[in-house]
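The chain contents come next:
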Amino acid sequence: MDGELLIKGYKFDNDIRINLQSKTVIVGDDSFIVFEVFNMLEKYFNKKDFSEYYLNNNTTVIINELKLSGNEFIVFRMKPLCDLNEELKLTKKSFAGKYFNEEFSKFNYIEDLKKSLNSNILGNLNNNLKNYNIEYDIDELDFFDIAKLISPNVYNSDGDEILFNEQNQFFIKCFLLNFINQLKTEKKIMLLIELPEYGLNKSEITELFKVINELSIDNVIVYTNDKSIIDIIKNIFSYHSTYKNQLCGFDDYDLLEEEFMLKNNISRSSIEKMVLENLFKVPEGELIKEIKQFFDKSVDKY
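Everything numeric in this text was worked out from a predicted model, so none of it was measured.

About the thresholds
Residues numbered from 1 in each chain as written. Predicted model: local features only at pLDDT ≥ 70, side-chain atom pairs only at ≥ 80, totals over all residues. Heavy atoms only, no water. Patch = residues over 30% accessible without salt bridge, like charges linked within 9 Å, V, L, I, M, F, W, Y side chains within 5 Å. Areas by Shrake-Rupley, 256 points an atom, 1.4 Å probe, with all protein chains shown as cover. Salt bridge = Lys/Arg side-chain N within 4 Å of Asp/Glu carboxyl O. Lys, Arg positive; Asp, Glu negative; His and termini not counted. Charge placed at Lys NZ, Arg CZ, Asp CG, Glu CD. Helix = DSSP H or I, 4+ residues; strand = E, 2+ residues; numbered from the N terminus. Buried < 20%, exposed > 50% of the residue type's maximum accessible area, 1.4 Å probe, protein only. Contact = heavy atoms within 4.5 Å. Polar contact = N/O pair within 3.5 Å; in protein donor to acceptor, adjacent residues only side chain to side chain. Phe/Tyr/Trp six-rings, centres within 6.5 Å; stacked < 30°, edge-to-face > 60°. Lys NZ or Arg CZ within 6 Å of the ring centre and 35° of its normal. Pairing = 2+ DSSP bridges. Axes fitted to C-alpha atoms, helices over the stretch in contact; angles between N-to-C directions.

Caption draft 1: Region of the structure containing a negative patch on the surface. Taken together, the side chains of Glu-111, Asp-112, Glu-135, Asp-137, Asp-139 and Glu-140 define an acidic patch exposed on the protein surface. As for its placement among the helices and strands, Asp-139 is situated in the loop between helix H5 (109-129) and helix H6 (143-147). Judged by relative accessible area, which is 63%, Asp-139 ranks as exposed.

Caption draft 2: View of the environment of Val-61. Relative to the elements of secondary structure, Val-61 occurs in strand E4 (residues 60-63). C-alpha of Val-61 to C-alpha of Ile-7: the two residues are 54 residues apart in sequence and 4.8 Å apart in space. With near-sequence residues (within four places) excluded, Val-61 lies in contact with Leu-5, Leu-6, Met-40, Leu-41, Tyr-44, Phe-45, Leu-66, Lys-67 and Leu-68.

Caption draft 3: Broad picture of the environment of Gln-246. When you line up the elements, Gln-246 lands in strand E12 (residues 246-248). A residue is classified by how much of its surface remains accessible, and Gln-246, at 12% relative accessible area, is buried. For Gln-246 and Phe-12, which are 234 residues apart along the polypeptide, the C-alpha to C-alpha distance reads 9.3 Å.

Caption draft 4: Expanded view of the side chain of Thr-224. Among the secondary structure elements, Thr-224 is positioned in the loop between strand E10 (219-223) and strand E11 (239-243). Reaching out from Thr-224, the side chain makes a polar contact with the side chain of Glu-197 at a distance of 2.8 Å. Engagement of the side chain of Thr-224 in a polar contact is seen with the backbone nitrogen of Asp-226, the distance being 2.9 Å. Contacts of Thr-224, omitting those with residues within four sequence positions, involve Val-25, Ile-26, Val-27, Gly-28, Leu-195, Pro-196, Glu-197, Phe-209, Ile-229 and Phe-280.

Caption draft 5: Representation of the packing of aromatic side chains within the structure. If you walk through the whole model with that rule in mind, you get 9 aromatic pairs. Taken together, a centroid distance of 5.3 Å and an interplanar angle of 65 degrees make the contact between Phe-45 and Phe-73 edge-to-face. With Phe-45 in the loop between helix H1 (31-44) and helix H2 (52-55) and Phe-73 in strand E6 (residues 73-78), this residue pair connects regions lying 28 residues apart in the sequence. Pairwise contacts between aromatic rings join Tyr-99, Phe-100, Phe-171, Phe-175 and Phe-179 into one cluster. Across the ring face of Phe-76, the terminal group of Lys-98 is positioned such that the distance to the ring centre comes to 5.8 Å.

Caption draft 6: Examining unusual backbone geometry more closely. Here Tyr-10, not a glycine, exhibits a phi torsion of approximately 60 degrees, which is positive. Among the secondary structure elements, Tyr-10 is positioned in the loop between strand E1 (3-8) and strand E2 (16-20). One non-glycine residue with positive phi stands out, namely Asn-245, at about 60 degrees.

Caption draft 7: Fine view of helix H4 (residues 95-104). Listing the buried residues of H4 in full gives Phe-95, Ala-96, Gly-97, Lys-98, Tyr-99 and Glu-102. Against H1, E6, helix H3 (84-88), H6, helix H7 (169-181) and strand E9 (188-194) lie the buried residues of H4.

Caption draft 8: Fine view of the sheet that holds E11. In spatial order, the strands read E6-E9-E10-E3-E11-E12; together these 6 strands make up an open sheet with mixed pairing. One side of each edge strand has no neighbouring strand; the edge strands of this open sheet are E6 and E12. The mean angle between the axes of side-by-side strands here comes to 20 degrees, regardless of whether they run parallel or antiparallel. Relative to E10, E9 runs parallel, the two sharing 5 bridges. Its bridge partner being in E10, Met-190 is matched across the sheet by Asn-219. Relative to E9, H1 is tilted by about 155 degrees, and along the sheet it contacts strand E3 (23-27), E6, E9, E10, E11 and E12.

Caption draft 9: Main features of the pattern of salt bridges. Taken as a whole and assessed by the stated rule, the structure comprises 8 salt bridges. As a salt-bridge pair, Lys-210 and Glu-207 come within 3.4 Å of each other at their nearest N and O atoms. Of this pair, Lys-210 and Glu-207 both sit in helix H8 (residues 202-213), 3 residues apart, which is roughly one turn of the helix. Residue Glu-207 is classed as partly exposed on the basis of its relative accessible area of 36%.

In structure tokens:
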């Protein structure tokens, strides 16, 4: 689902606007605003964990003027450093838990399981207790009740068990990305990725960005401070920068482009990459000052 993503309320003084693409990139030093946006999206689309206080105080998520309910998306979140042991546990917040909860929702396995338990276990229990007028019954079950009985193990091709902590971050992140990329569901999928460059060397960072760019997931939002992403995801309309406690994009990029051409005698073909490079430049050069003036107009606009 592409278009203007508008977040209203929650902990934000102003509305948060994101030009949502299949691959959306956020850069900049203000990690706090990104962290809170990711928190909000992750919680909003899992209303059981979302505070009623926020829901009752006009906290909303809107895409293209359409207010979204809390079950429109399944949201996965990849932290800067991933723990494969935790992500493969079948919990409500893990990659594997969300994945298999959605997969198993397609089957009527709960009723089949209850019938099996009733005939094989409860039947024997209740037969032994019928003279005492005592009877056991099964409470309501869901996937995560059953998941408490299951723990993951990983084996190599020879059948030897592999310890989770033997895997490096590049392997873990590629594994998790490919894992959720296989999920087929009626709901849309949103993947939030925080600082994927953590724990990787330079070549691994580039390769990981390539993997991210090839994902067929509905919407991927990446927060990164690594410049090599601009060689992989090249569309300037995918990019946003943290600025004055906002996320500023390039909706009016044509105006910035014209200004650059007039002031700096730069060809149109080279401007886009130059703008993106300057978002990562430290110390800041002259061009970033013009970009900030452009962002000021965007902030004042709303």
